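# Structural features, examined
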Amino acid sequence: MENRSFQIINGKVIIRIKDRVCDTSEELLASRLFYTILRRVVRELSKKNSRLLKIFASTHISEQDMRLLIKMLQFLAKLPVEHAVKLVDGSAQFARDKDLLGEFIEYLYNYWRNLTRLVICDSEGNRFDRRPYRTFNQTVEQLTHLVRGTYREIQENISGDHPRIYRQVPAGGGIATIALSRQLALPEHIQDKVGHIPVIRQVLLYPPLIFTPPMNKRSGMFERVYQNPAENVDFRREDWLCYPAMVGPQLILVYFSLRFFEHGFTLSNLFELADDKALEKTPDAIYFFGIPENQFPEIGKSQTIFFDDEEHKLLIGAVPEKDEFSYFGYLKKMVLTLHNIRMMKQGRLPFHGALVHLLIRGQRGYTVLLIGDTGAGKSETLEALRLIGSDDLEDVIIIADDMGSLDIAEDGKLRGFGTEIGAFVRLDDLNPGYAFGQIDRTIIMSPNEVNARVVLPVTNYRTVMQGYPVDMVLYANNYESVDDKTPAIEPFSDMETAFATFRAGEVMSKGTTTSQGKVGTYFANVFGPAQYVEEHDSLARKYFKQLFSSNTYVGQMRTQLGIPGFEMSGPEQSARALLALLKAGLPG
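Residues numbered from 1 in each chain as written. Predicted model: local features only at pLDDT ≥ 70, side-chain atom pairs only at ≥ 80, totals over all residues. Heavy atoms only, no water.

Here we come to helix 9 (residues 328-345). What sets the pattern is the α-helix's 3.6 residues per turn: residues three or four places apart point alike. Its 18 residues place the ends of helix 9 26 Å apart at the C-alpha level, agreeing with the 26 Å of an ideal helix rising 1.5 Å per residue. Just beyond helix 9, the residue with positive phi is Gly347, at close to 90°. (Helix = DSSP H or I, 4+ residues; strand = E, 2+ residues; numbered from the N terminus. Expected span 1.5 Å × (residues − 1).)

Below, the structure is given as structure tokens:
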């Protein structure tokens, strides 16, 4: 892989390809990347005082010794070990114990596979994006087959035997992308900063992908500041990529540091990648995820900040490149915060909730909006509904899994729109059968932690943007028990009671953020409304008046998700109540 660059950062490797990858095992083993990986493995084994290093004649392993091993491996990729040692002077030391040599190769191979591997097909001057399938085949797929094939040939030539079971594990890139520099419709002062950063045009994933970032919880809220956080930042081309996300109707450019690339590419399971036509419009917002700590401005009380550039009608968010922010929640929620603020400026009411269209067999479809904070039981109730309603539901169409917006149509009916094509949900709160049934499309984060998460596609952009008339709005209450006097679902009798309940935004924390116990958040939404309370209050009152004047069902659903022991049965009970209510038929 000479004349191609690579970086290794904290258990991650980034490979940049200009034209082609290695064609042969010999070329692969002679690459700088392979030598770097071998050197890291030897260093790691030396710290452990591992017996695997006894393949070397001396305990002091020099660069010359590693070069000799590489030469030996180049022959082992073609010939049995007994022939290879005769062709490489001094290589007999490696074959003294063939089993030990085989174990060393296995360790080396697993070390490589345990790295999070990104391949960037740099499209500058080549326009790989015009032939993405061919590009991915000729680069990523070829690299996968070459690495795996080289490993197998070497192991077979060491052991003198063929495996009887072959496992086609990913061995090349886990993620690949075609990216190119392009002119975007940005204000001049922003274009000068980021115009050289490659923009992602295609993404290739090999799911399931499993990431274990340093953090698995988000803390606090995003703070409005009054200065552009990127004003004095030097954006180096080799350190950044741009994911142009379609978030509802908005184009939000997400520039992410390659130190956080696993989070940046997880966006492909959550937000539609903007097409060329969408990139012709002026973006609604920009987010810089991972500004170098030494360049991050001290302009706010916190380090999760956004600037409302009213002059250019552009929102700019920023988070520093620190381990404490290496959590996908900081990426997703800032993007949605920027979306929500833009929606308010355009007269739409943003919501933090799940919006679904339920097709009841033999009846018309109903569009239901569940509003509530993180961990309130919105997604869990819908999954329970999907499972228990198989005989009554023709389909469950997800419009918004977490955030969306409402608009008032000409007929006075509220219409709901989504933002995401995917879901970012707690693994523990999903039915195991559903989670494993979708594993071939899933990105899994922190699987051994309390707040283990999955990110998986759940809908498509056309559905997100269609605009469904809303029939029912429910507040997701996860902290009250259900009994004979307290039903799982009940309507509000008047607008003021409903408005006060939604405005208080109470929820029993599920440990998905650093909050504990029962907490209240303005409209269960710290992602925009809480930063613009006056503007949001005015909008919310207008929309709640419209809900009640149009006779839309407005109530609350008790999911009991925050009550110990009801994590599964609570959402199931609320799902049954919802299904029964819809089968009985709503007015209108």
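Having seen the model, we can carry on.
Moving on, we come to the pattern of salt bridges. Where side chains of opposite charge bring their charged atoms close, a pairing between them can arise. The full count for this structure, using the stated rule, is 33 salt bridges. Put simply, Arg236 and Glu238 hold a salt bridge, and the shortest N to O gap is 3.4 Å. Given the relative accessible area of 41%, Arg236 is considered partly exposed. With a shortest N-O distance of 3.6 Å, Arg259 and Glu321 are connected by a salt bridge. Of the two residues, Arg259 sits in the loop between strand 9 (250-257) and helix 8 (261-266) while Glu321 sits in the loop between strand 13 (314-320) and helix 9, which places them 62 residues apart along the sequence. (Salt bridge = Lys/Arg side-chain N within 4 Å of Asp/Glu carboxyl O. Buried < 20%, exposed > 50% of the residue type's maximum accessible area, 1.4 Å probe, protein only.)

Quick look at the packing of aromatic side chains now. Inspection of every chain in the model, using the stated rule, returns 22 aromatic pairs. Among the aromatic residues, ring-to-ring pairing joins Tyr475, Phe492, Phe499, Phe502, Tyr522, Phe523 and Phe544 into one connected group. Sitting over the ring of Phe261, Lys12 keeps its end group 5.8 Å from the ring centre. Positioned above the aromatic ring of Tyr479, the side-chain terminus of Lys518 is 4.1 Å from the ring centre. (Phe/Tyr/Trp six-rings, centres within 6.5 Å; stacked < 30°, edge-to-face > 60°. Lys NZ or Arg CZ within 6 Å of the ring centre and 35° of its normal.)

Once that is clear, we can look at the sheet that holds strand 19 (residues 422-426). Taken in spatial order, the four strands line up as 6-20-21-19 in an open sheet, and their pairing is mixed. Each edge of the open sheet carries a strand with a single partner, namely strand 6 (209-211) and strand 19. Averaged over all pairs of adjacent strands, the angle between strand axes in this sheet comes to 20°, irrespective of strand direction. Pairing of strand 20 (residues 443-445) with strand 21 (residues 453-457), which is carried by three bridges, proceeds in the antiparallel orientation. Looking across to strand 21, one finds that Ile444 is bridged to Val454. (Pairing = 2+ DSSP bridges. Axes fitted to C-alpha atoms, helices over the stretch in contact; angles between N-to-C directions.)

It is worth spelling out the side chain of Thr36 at this point. Summarising the element assignment, Thr36 is placed in helix 2 (residues 32-47). Not counting the four nearest positions on each side in its chain, Thr36 is found in contact with Phe6 and Ile8. (Contact = heavy atoms within 4.5 Å.)

Between helix 2 and helix 5 (residues 98-113), the least distance of the axes is 10 Å, while the angle of their chain directions is 110°. Looking at the two axes, helix 2 sits roughly perpendicular to helix 5. The interaxial crossing formed by helix 2 with helix 5 has right-handed handedness. Facing helix 2, whose interface residues are Leu33, Phe34, Ile37, Leu38, Arg40, Val41, Val42, Glu44 and Leu45, helix 5 presents Phe104, Tyr107, Leu108, Tyr111 and Trp112. (Parallel < 35°, antiparallel > 145°, perpendicular 65-115°, else oblique. Left-handed = near helix turned anticlockwise from the far one by under 90°.)

Attention now goes to the nonpolar core. Within the largest apolar cluster, 77 residues are counted, with the highest numbers of intra-cluster contacts made by Phe256, Tyr287 and Phe502. Ignoring anything within four residues of it in the chain, the contact list for Tyr287 reads Leu253, Val254, Tyr255, Gly317, Ala318, Val319, Tyr330, Leu331, Met334, Val335 and Leu338. (Core = buried A, V, L, I, M, F, W, Y, C linked by side-chain atoms within 4.5 Å.)

With that settled, the discussion passes to the packing of helix 2 against helix 3 (residues 63-76). Taken N-terminus to C-terminus, the directions of helix 2 and helix 3 make an angle of 120°; their axes are 11 Å apart at the nearest point. One element, helix 2, and the other, helix 3, form an angle in the oblique class. Considering how the two elements wind past one another, helix 2 and helix 3 form a crossing that is right-handed. On helix 3, the residues that touch Phe34, Tyr35, Leu38, Arg39 and Val42 of helix 2 are Glu63, Met66, Arg67, Leu69, Ile70 and Leu73. Across the contact of helix 2 with helix 3, the residue classes break down as eight nonpolar, no polar and three charged. (Nonpolar A, V, L, I, M, F, W, Y, C, P; charged D, E, K, R; others polar.)

A word on the side chain of Thr337. By secondary structure assignment, the location of Thr337 is in helix 9. Other than its neighbours up to four places away in sequence, Thr337 contacts Phe222, Phe527 and Gly528.

So, on to the pairing of strand 27 (residues 553-558). Within strand 27, six of the six residues are buried, leaving the element largely enclosed by the surrounding structure. In strand 27, alternate side chains face the same way, and those of Tyr553, Gly555 and Met557 on one face and Val554, Gln556 and Arg558 on the other are all buried. With six bridges connecting them, strand 23 (residues 472-477) and strand 27 associate as parallel partners. By the bridge assignment for strand 27, Asn477 is matched with Arg558. Where strand 24 (residues 489-491) lies against strand 27, three bridges are found, and the strand directions are antiparallel. Within strand 27, the residue paired with Glu490 across the bridge is Gln556.

None of this, on its own, says anything about what the molecule does.
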